[in-house]
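Below are the chains, spelled out letter by letter.
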Amino acid sequence: MLTLDLAFFSMAAVCIGASVGVVVMQDVFRAALFLVLSFLVVAGLFVLLNAEFLAVVQVLIYVGAISILIIFAIMLTRELQYSNESNRFKQPAYVLVALILTAIVFVSVSTDWRDWSELGLRVLPGDNIENLSATEQGVRDVFSDTTPIIAKLLLRDFVLPFEAASILLLAAVIGALVLLREQER
Amino acid sequence: MNLENFLILSGVIFSIGLYGALTKKHVITVLMCVELMFNAVNIAAVAMSRYIVPRSMAADPSALDTAVAIAISEGSELGETALSTLLTGQIFAVFVITVAAAEIALGLALVMAMYRNREIVDVTKINLMKG
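Residues numbered from 1 in each chain as written. Chains lettered and ligands numbered in written order. Predicted model: local features only at pLDDT ≥ 70, side-chain atom pairs only at ≥ 80, totals over all residues. Heavy atoms only, no water.

## Some points on the interface of chain B and chain A
Of the residues lining the interface, 83 residues belong to chain B; the matching set on chain A comes to 94 residues. When the buried area of chain B at its contact with chain A is split by residue, Met1, Tyr19 and Arg50 of chain B rank highest and sum to 10% of it. The tally of links between chain B and chain A comes to 0 salt bridges. Between the two partners, chain B and chain A, sit 6 residue pairs in polar contact (both at pLDDT 80 or more). Sorting the residues of the side of chain B that touches chain A by element identifies helix H1 (3-23), helix H2 (27-51), helix H3 (55-58), helix H4 (67-74), helix H5 (77-84) and helix H6 (88-118) of chain B as the ones contributing at least two each. With 24 residues, H6 of chain B is the single largest residue contributor to the side of chain B that touches chain A. Along the lines of polarity and charge, the residues of the side of chain B that touches chain A split into 56 nonpolar, 17 polar and 10 charged. (Contact = heavy atoms within 4.5 Å. Buried area = accessible area lost by both parts, 1.4 Å probe. Salt bridge = Lys/Arg side-chain N within 4 Å of Asp/Glu carboxyl O. Polar contact = N/O pair within 3.5 Å; in protein donor to acceptor, adjacent residues only side chain to side chain. Helix = DSSP H or I, 4+ residues; strand = E, 2+ residues; numbered from the N terminus. Nonpolar A, V, L, I, M, F, W, Y, C, P; charged D, E, K, R; others polar.)

Below, the structure is given as structure tokens:
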């Protein structure tokens, strides 16, 4: 339990620090590197939440693909990379973001979340594991090997959104190609 | 480490991303901050799916002799379905990641097109269509 807490709070600290780094860094390239760090730490948080498949997807897509794209774009617009300034909405944005953050924290603290311990089920990370009931064993099995269940859900219950997502990706690829094609004059 | 911790962390990262997306001039920084917001939403979705009990399992606080609990102990179809609904939050995260990938590909293509035609990466100067 203590180890999990330690892992969570250190990862949360690094994640928040890296996110602040993305916003405050003057050099856009360094901001992108902080963004990669924050993506990696989020993958670690997914492992803490028993979402190993998502952790791997996070590393492959965010750390592998998206950050490479961002860094390429920064390098291709290189002469302007030291211009990470703010626009004139700094003060109103402060107020708005503070309000939203207060609302989020208030709601997440004051809501009575109905979690497993309220049912007397010992399936949360760090719970002791003796004399499991059938339900506890079932829930533990689900969270110990999530990938086949995600596959089943994606190709059975969520098959329509799944196909829509592939069409969206195809459209995005074609759109990007059209935008970046060399114009014939 | 409990659900509140994860939700507050997610809220903090979302707010940082929102602040950056609202105030930054460099268009690539704006896109990066939008990615931060996507990540915050993913953390919240996965934490919810790990900690929150679906209604079918919470019907009776003494739990272990509800229909779902019996179905799970028998290993029947209903039990498997009930258990697989636990991962809906992770499915949402998968779709959010897909949409984020599409968004960043198109967004950066737009940035490159804009830079090539007008040498602009400052969002406050993109005003060609202003009336």
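We are not done yet, so read on.
## As for the packing of aromatic side chains
Considering all chains together, one arrives at 5 aromatic pairs over all chains under this definition. An angle of 75 degrees between the planes, with centres 5.1 Å apart, marks the rings of phenylalanine 8 of chain A and phenylalanine 9 of chain A as edge-to-face. The class for phenylalanine 9 of chain A is partly exposed, based on a relative accessible area of 45%. Ring geometry for phenylalanine 6 of chain B against tyrosine 51 of chain B: centres 6.1 Å apart, planes inclined by 45 degrees, an arrangement best described as tilted. Pair noted here: phenylalanine 6 of chain B is in helix H1 and tyrosine 51 of chain B is in helix H2, with a separation of 45 residues, a long-range link. Residue class for phenylalanine 6 of chain B comes out buried when judged on its relative accessible area of 0%. One aromatic cluster is present, built from ring pairs that chain together Phe8 and Phe9 of chain A together with Phe6 and Tyr51 of chain B. (Phe/Tyr/Trp six-rings, centres within 6.5 Å; stacked < 30°, edge-to-face > 60°. Buried < 20%, exposed > 50% of the residue type's maximum accessible area, 1.4 Å probe, protein only.)

## Observations regarding the domain arrangement of chain A
Residue and element names in this part refer to chain A. The domain boundaries assigned to chain A delineate domain 1 (1-79) and domain 2 (123-185). Measuring from the centre of the C-alpha atoms in domain 1 to the corresponding centre in domain 2 gives 20 Å. If you look at the interface, domain 1 gives 6 residues, while domain 2 gives 6 residues. Of the roughly 580 Å² buried where domain 1 meets domain 2, counting both sides, 62% is carbon and sulfur surface. If you look at where domain 1 meets domain 2, you find 0 salt bridges. Applying the counting rule to domain 1 against domain 2 returns 0 residue pairs in polar contact (both at pLDDT 80 or more). Looking at side-chain class alone, the side of domain 1 that touches domain 2 contains 4 nonpolar, 1 polar and 1 charged residues. (Domains from an automatic or database assignment.)

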